[in-house]
Amino acid sequence: MPRTRLTVAAAAATLVLTATSAASAATVTPDAKPAPAPMAAAADCGFTKAVPADNFKGIPVFDPVKAAKPYHATVHTGQGNVTFQALTAAAPCTTFSFRFLSEHQYYNGSHCHRLTTKGIYVLQCGDPTGTGSGGPGYSFNDENLAGATYPAGTVAMANAGPNTNGSQFFFVWQDTKLPPAYTPFGKVTAGLDVLQKIAAAGEDDQNGPGDGFPALPVDIHAVKIANR
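My aim in this report is to walk through the structure given alongside it, one point at a time. Since the structure is predicted, the reported quantities are computational estimates derived from the model, not experimental observations.

Moving on, we come to the sheet that holds strand β7 (residues 122-125). Pairing within the open sheet is antiparallel, and its nine strands lie in the order β12-β6-β7-β10-β9-β11-β5-β4-β13. Each edge of the open sheet is held by one strand with a lone partner, namely β12 (211-212) and β13 (220-226). Judged from the six bridges that link them, strand β4 (residues 72-77) and strand β5 (residues 80-86) form a sheet pairing that is antiparallel. Residue pairing across strands places Thr74 opposite Thr83, the latter belonging to β5. Along the sheet, helix α3 (residues 92-103) contacts β4, β5, β9 (154-157), β10 (169-172), β11 (184-190) and β13; its crossing angle with β13, the most-contacted strand, is approximately 125°. Sitting on the sheet, helix α4 (residues 192-200) is in contact with β5, β6 (114-116), β7, β10 and β11, with an inclination near 125° to β5.

Quick look at the structure:
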């Protein structure tokens, strides 16, 4: 399957990732700094069956009580661990989906398939096929985009256009300017140095200058959720 493409706009230095299906593309947008949004209702998430359905674990049924519970997620990789605080108040649907996939071991055994080192500075993960075109079998709506910015440490969703979120996400390892089109749903609290070590090793330019597979393989062993 074709790989998700990353293009850097010269004027705005924005990152745009496109994919062959709605559930497979990922993009990065500014880190949202507005006041936390009210908890979304189930209907607001828009969890809908979609293709592809790689390593299918089912479709989440939004539970507002569980969605409201704060948590930290630790992504255990072969290069070190990265922990982030989930923005459950600002992005309840996205954080609920990430928790659902993590608790069903969806990301275990996958790898981060894309690193960008020019114009935009992200490490993209979450595709069990490793091609940039994989997805979990469902899509859901964007949220937390008003005033979004993307400083180092932001965790945000990749997408193939409005309201096409799936399983792919990215870490911002250096301050990045992007349009507010990619749901920010986490903030790294430990392991930014791991991301920067991966970035410093570079990538293979297979998608173009500064855009390719990480030189240091980033295999995800597990994602652990801690309720705090």
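Here the narrative resumes, following the displayed structure.
Counting across every chain of the model gives 16 aromatic pairs. Relative to Phe169, the ring of Phe98 lies with its centre 5.4 Å away and its plane at 90°, an arrangement referred to as edge-to-face. Here Phe169 lies in strand β10 and Phe98 lies in helix α3, a separation of 71 residues in the sequence. Phe169 shares its class with Phe98; the two are buried. Grouped by ring-pair contacts, the aromatic residues Phe84, Phe98, Tyr106, Tyr107, Phe169, Phe171 and Phe185 constitute a single cluster.

Under the definition given, this model contains three salt bridges. With a shortest N-O distance of 3.6 Å, Arg99 and Glu103 are connected by a salt bridge. In this pair, Arg99 and Glu103 are both assigned in helix α3, four residues apart and thus about one turn of the helix distant. Residue classification places Arg99 among the buried residues on the basis of a relative accessible area of 3%.

Within the secondary structure layout, Thr131 lies in the loop between β7 and β8 (136-139). Here Thr131 falls in the buried class, since its relative accessible area comes to 18%. Here Ser133 takes part through its backbone nitrogen, which lies 3.1 Å from a polar atom of the side chain of Thr131.

Rules and cut-offs
Residues numbered from 1 in each chain as written. Predicted model: local features only at pLDDT ≥ 70, side-chain atom pairs only at ≥ 80, totals over all residues. Heavy atoms only, no water. Pairing = 2+ DSSP bridges. Helix = DSSP H or I, 4+ residues; strand = E, 2+ residues; numbered from the N terminus. Contact = heavy atoms within 4.5 Å. Axes fitted to C-alpha atoms, helices over the stretch in contact; angles between N-to-C directions. Phe/Tyr/Trp six-rings, centres within 6.5 Å; stacked < 30°, edge-to-face > 60°. Buried < 20%, exposed > 50% of the residue type's maximum accessible area, 1.4 Å probe, protein only. Salt bridge = Lys/Arg side-chain N within 4 Å of Asp/Glu carboxyl O. Polar contact = N/O pair within 3.5 Å; in protein donor to acceptor, adjacent residues only side chain to side chain.

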